[in-house]
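# Fold and contact review
Here is what each chain is made of, one letter per residue.
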Amino acid sequence: MAREVPGTSRPRGTEREVKLRDVIPSRWQRLHSGPRPSISWLAPFAVALAVSAAHANGAFPDELSVHFPASAPHRILLGSNFGLLVSEDDGASWRYACEPYVTSGSTSSLSPANVSFYQITADGAILEDSVDLRRSADVACTWPASSGSVAGSVVSDVFADPTDPGFVLAILAAINGSSIVASRDGGTTFGAPLYTTSDLVTSVESARSARGVVYATKVGIRGGATLLRSADWGTTWNTMATLAGAGTQPSILAIDPADANTVYLRLLAGANDSIAITTDGGQTVQVALTVSGAFTSFLRATDGALYAGQLEGNLYVRPAGATSFARRSGPRLRCLGQRLGTSRIFACGDMFQDGFSLGYSDDGGQTFLPMMSFSQILGLLTCAPVQSACAAHWERIQGVLGIAPDAGQPRPAAPGGSHCATVGGEPSVLLVLLALCHHFRRKS
Amino acid sequence: MTWNKALICSGLIALVPWASVHAAASVPKATCRSGRADRPESGLQGMTTQAEQDSGANKQGFTCNTDLVGQFQGEGGSWQFTAWKTCGYFDTSNNAAQQHLGTLVVDASDPSHPVVTEYLTTASMLDPWESLKVHGGRQLLAGGQRGGPGFSIYDISRDCRHPVLLADVNLPGSFGHTGEFAPDGKTYYITPLRSSPSLVAVDVSDPSNPRELLLWTAPSPLNPIFHDLEISDDGNTGYFTQFGGATAQNGLLILDTSDIQARRSNPQIRVIGQLSWDDGSIGAQQPLRVKIAGKPYIIFTDEGGLHASGCAAGKSPNGFARIIDISDPANPRVVSKLMLEMNDPANCSQTASGPADTATGVSVFGYSSHYCNVDDRNNATTAACSYFSAGLRIFDIHDVNNPKEIGYYKPPARGTDVLPGSQYYRFAGANFNRPMDWTTSRPSFPKDRGMSSGDIWFSSQDNGFQIVKLHTNSGGCSATGGSLAPFFALALIPMLFHRRRGRVRRC
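Residues numbered from 1 in each chain as written. Chains lettered and ligands numbered in written order. Predicted model: local features only at pLDDT ≥ 70, side-chain atom pairs only at ≥ 80, totals over all residues.

## Remarks on the overall build of chain A
What chain A contains, in helices and strands, is 8 helices and 31 strands. Within chain A, contacts between residues separated by at least 24 positions form 49% of all contacts whose residues are at least 6 apart in sequence. (Helix = DSSP H or I, 4+ residues; strand = E, 2+ residues; numbered from the N terminus. Contact = placed C-beta atoms within 7 Å.)

As structure tokens, this is what we get:
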């Protein structure tokens, strides 16, 4: 993924909205550059969905992003609109931490706040942005809020350095402009602004292949998009190429993992979306692809190929060494991703229309096979805080997803290790959970 | 109205004010004109039946005490409509397939032949979503860019047909979705419908130089996700819709915005009152501030419902409008509901499993409400509300406790017509046979657009801009009947208990 080279799960500048109409399934989501439904909406429509599941006419859970922590070679994280899903066995089984708990520590079955995005640090810590920026150092079991300059601020973007686990960049928006701040402790605390402008900084990202190289995009109050570059971890900045005129929202898709002078940019303008590329550190920029509608996903694959997807089921591919993109049919893409150094491509799809929530391709995106659907979620993460806080949510989401009520029983940890405490596995807890599930099932 | 009818009406008005709130009942249906003057619905109030779809009647649309005066369909419309003087403004879906992108300016000087005069194409006006609003006093048109930082403001004072761009700016931290001017026209509030920020206050005192005043995120445990809003006349109180689900997280939030109004440094926002409900109507949309008989109310719309699961719980399957007494802003209370039969849990057997709730394109919004407006904010007697698939519904709200429907205009279904500017078309897909239209915009009454006479203007997604004449002398109880109520109340008690609801509705 872009923020976790070599792939990106979702183009920058794709702000998500919470909206009832965003929560309707994929047909509706074609309208949105980044629909961000909330499970608090999904649940009410679960029954409608069940009634007419073939048409997916109600609202349903959806994916935001996929992540592959370098520190855990078998772990996959899937950001969704109802929580963060975790697999410790390369996608064979999945558990989750619910969004109400992730965003606010709430035990409610409905979330009053929604995650805008997830990010992963180089050592596997997880960052989420909703009302607050929060950080989990224990694979989604606990989510303390980050402190320092981000506290109480509107955080519009976060990027965790791909090599330095301590270095995390964030963009803060304020009434008089925006600023870039940095954390040196992996997102726990953030310091004073490194860069402040009366313009809007729209994205920021640091390079894998050249330590300390950071790019940012900004757009003027009255328009005009610009690329910025720093070679000293954001301490000083140079204004590089002008990216576009008024009306264009620029953002960074990815810095090439092998070449810090190559940056993939997104230029969203009106009803069109473009991918632009600089190969000289931002001195010049060329538009490589323009499409109608909006991109939802981008991947710079290990072999150098580029992939860009849309909700409409368009997958644009530029093979390594090629100079142009070719369009092919693909899943209704919400995200693309790849574990560094491997060849398998992961894609978030439409659970009903594509047949999977997370799929994969071993043939360069020619075909995608199902890896997981939300209905296969085993239950909550087994650590005690999540088991306790998310019980009501799990009860609710089972109905949404049509999961058998006993599916939430923790099972023996898969190879790769359990990441949380195992309180949930105690027989007494299981019995209580079963009884609760049965009780609520009967009520419903 | 005959004397007997007036007698019965007034008695009922006197005796059943409690029922509208305490019982989940739909508003009385309008009595449509006789003969061929109307094309009334054949099923439940608001419903387009399967038979109507099969016969093609839905392609003609449905009317009750209304006539279409004029229309400019264009390539279809998006969510919002606003108007000033002889001009209407409606947005489109920002679909690359459109021949003309942007917000349409329509000259309706000749109401029977509205014509487009401009397409506004700043980043904000390409897709202002629900934020497209006019401030009549200052004659400004403004909107925020959906999902982005853009904000545009136009002068429409010289010639409403040709808005003059005053400013097109990017506002840090702003994500456009909905928005509204303060009544003095000096502040525009953007509500991004996000967890953070909840609102963006913009100083537009100098509309050529909009300046952000505040990015504010509602603190826990408040639901920080705000939808549309309105501000009190003095600017010191804000009425916000808290967009939530099936629980108390959905409803009205009343905030003290005086620090913003006074331009105090480090402005603070304080909670004054809050109200929520659990009747199946969810997805808070709009808080319309009105006075009825001198008393302040909010006409509040929800844009979603619980569908079959709502029915299973004895609640409404759709969202609907309601009238909230805000005389005591710390303790707002619902006084009545503008619930259609399609929203009434009593009709779930006909609605939850019928064509309305399957793959006929109604989808999650169903027959829910979206935006309302009134004939006169300071003395409202008639409300018109967009109700998605149920079209434009018009209510007599003289008696705030007992509103009743007096007419409707349900635009024709457009089937598979190619309308790339329509959000519904984009949602449904090119090959989908759309069996109804989606009516979603805020209607406009003459006074609302600075005129002394005229008809109701609105836009729907597949039919664009429409002008509809309401014939008010047909159907419904007159207000005068109410004054007779005390004299006949006792005599009518036995009758009331024996009357079937359908007969009551004929009143």
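Now that the structure has been shown, the text picks up again.
## Section: the overall build of chain B
A count of helices and strands for chain B gives 11 helices and 28 strands. Counting the 507 residues in chain B, one finds 64% classified as buried. (Buried ≥ 20, exposed ≤ 12 C-beta atoms within 10 Å, placed from the backbone.)

## Examining helix α7 (residues 391-401) of chain A
Residue and element names in this part refer to chain A. The element α7 is largely enclosed, with a buried count of 8 among its 11 residues. Restricting attention to buried positions, one finds in α7 the residues Ala-391, His-393, Trp-394, Arg-396, Ile-397, Gln-398, Val-400 and Leu-401. With its phi angle positive at about 70°, Gly-402 sits one or two positions after the end of α7.

## Examining the environment of Leu-165 of chain B
All names here are of chain B. By secondary structure assignment, the location of Leu-165 is in strand β10 (residues 164-170). You can call Leu-165 partly exposed: it has 14 C-beta atoms within 10 Å. Sequence-wise, Leu-165 and Pro-219 are 54 residues apart; in three dimensions their C-alpha atoms are separated by 36 Å. Setting aside residues up to four positions removed in sequence, Leu-165 forms contacts with Thr-122, Ser-152 and Tyr-154.

## Describing unusual backbone geometry
Going from Ser-196 of chain B to Pro-197 of chain B, the amide bond is cis rather than trans, its omega being -5°. Considering the arrangement of structural elements, one finds Pro-197 of chain B in the loop between β12 (187-191) and β13 (199-203). Of note in the backbone geometry, Val-139 of chain A takes a positive phi value of approximately 55° without being a glycine. Its identity as a non-glycine residue notwithstanding, Gln-139 of chain B has a phi of 55°, on the positive side. Here Gln-139 of chain B lies in the loop between β7 (133-135) and β8 (140-144).

## What to know about the environment of Ser-124 of chain B
Residue and element names in this part refer to chain B. Mapped onto the fold, Ser-124 is located in helix α4 (residues 123-126). As a C-alpha pair, Ser-124 and Arg-146 span 22 residues in sequence and 7.0 Å in three-dimensional space. Ignoring any residue separated from it by four or fewer positions in sequence, one finds Ser-124 in contact with Gly-143, Gly-144, Gln-145, Gly-150, Phe-151, Ser-152, Asp-168 and Gly-176.

## Side note on the sheet that holds strand β20 (residues 295-305) of chain B
All names here are of chain B. With antiparallel pairing, 4 strands are arranged side by side in an open sheet as β19-β20-β21-β22. Among the strands making up the open sheet, the edge pair consists of β19 (281-292) and β22 (333-338). Pairs of neighbouring strands in the sheet enclose a mean axial angle of 25°, with direction left out of account. With 4 bridges connecting them, β20 and strand β21 (residues 321-325) associate as antiparallel partners. Directly across from Ile-299, in β21, lies its bridge partner Ile-323. (Pairing = 2+ DSSP bridges. Axes fitted to C-alpha atoms, helices over the stretch in contact; angles between N-to-C directions.)

## Some points on the sheet that holds strand β14 (residues 195-197) of chain A
All names here are of chain A. The strand order across the open sheet formed by 4 strands is β10-β11-β12-β14, and the pairing between neighbours is antiparallel. Edge positions in the sheet fall to β10 (154-160) and β14, since each of these pairs with one other strand and no more. The mean angle between the axes of side-by-side strands here comes to 15°, regardless of whether they run parallel or antiparallel. Inspection of the sheet shows β10 paired to strand β11 (residues 168-174) by 6 bridges, in the antiparallel sense. Directly across from Val-155, in β11, lies its bridge partner Leu-172.

## Quick notes on the pairing of strand β20 (residues 263-269) of chain A
Residues and elements named next belong to chain A. Among the 7 residues in β20, 6 count as buried, and that is most of the element. Sheet topology note: the strand β19 (residues 248-255)/β20 ladder contains 7 bridges and is antiparallel. Bridged to Ser-251 within β20 is Arg-266. Looking at chain direction, β20 and strand β21 (residues 272-278) are connected through 7 bridges and run antiparallel. Its bridge partner being in β21, Ala-269 is matched across the sheet by Asn-272. Count of turn residues in the β20/β21 antiparallel hairpin: 2 residues, of which Gly-270 carries a positive phi of about 60°.

## Describing the nonpolar core
If you look at soluble globular proteins, the nonpolar side chains tend to sit buried side by side. Counting 232 residues, the largest nonpolar core has Leu-84, Tyr-96, Ala-97, Ala-170, Tyr-307 and Val-386 of chain A together with Ile-299 of chain B as its most contacted members. Considering each element in turn, this core owes the most residues, 6 residues, to β11 of chain A. Setting aside residues up to four positions removed in sequence, Tyr-96 of chain A forms contacts with Gly-83, Leu-84, Leu-85, Val-86, Ile-377, Leu-380 and Leu-381 of chain A. (Core = buried A, V, L, I, M, F, W, Y, C linked by C-beta atoms within 7 Å.)

## Some thoughts on the pairing of strand β8 (residues 133-136) of chain A
All names here are of chain A. By the alternation rule, side chains of β8 split into Leu-133 and Arg-135 and Arg-134 and Ser-136, which are all buried. Strand direction decides the pairing type here: strand β7 (residues 126-129) and β8, joined by 4 bridges, are antiparallel. Paired with Asp-129 across the strands is Leu-133, a residue of β8. Hairpin connection, β7 to β8: the antiparallel pair is bridged by 3 residues.

## Thoughts on the environment of Gln-466 of chain B
Residues and elements named next belong to chain B. Here Gln-466 shows up in strand β28 (residues 464-470). The exposure class assigned to Gln-466 is buried, which follows from the 30 C-beta atoms found within 10 Å. Put simply, Gln-466 and Pro-411 are 55 residues apart on the chain and 8.9 Å apart in space, counted from C-alpha to C-alpha. The residues contacting Gln-466, other than those within four sequence positions of it, are Leu-68, Gln-71, Pro-411, Phe-458, Ser-459 and Ser-460.

## Structural notes on the confidence of the model for chain B
Residues and elements named next belong to chain B. When pLDDT is averaged across chain B, the result is 87; 85% of the residues are at 70 or more. Low pLDDT, under 50, characterises residues 1-23; the predicted model gives this stretch 47 contacts beyond four residues in sequence or across chains. Low confidence marks residues 474-507, where pLDDT is under 50. Its contacts with residues over four positions away, or in another chain, come to 54 contacts. (pLDDT = per-residue confidence, 0-100.)

## Things to note about the confidence of the model for chain A
All names here are of chain A. Chain-level pLDDT for chain A is 81 on average; 77% of the residues reach the 70-or-more range. Low pLDDT (under 50) marks residues 1-8, which in the prediction has 47 contacts with non-local residues, meaning those over four places away or in another chain. Segment residues 12-59: pLDDT under 50, and 161 contacts once partners within four positions in sequence are set aside and those in other chains are kept.

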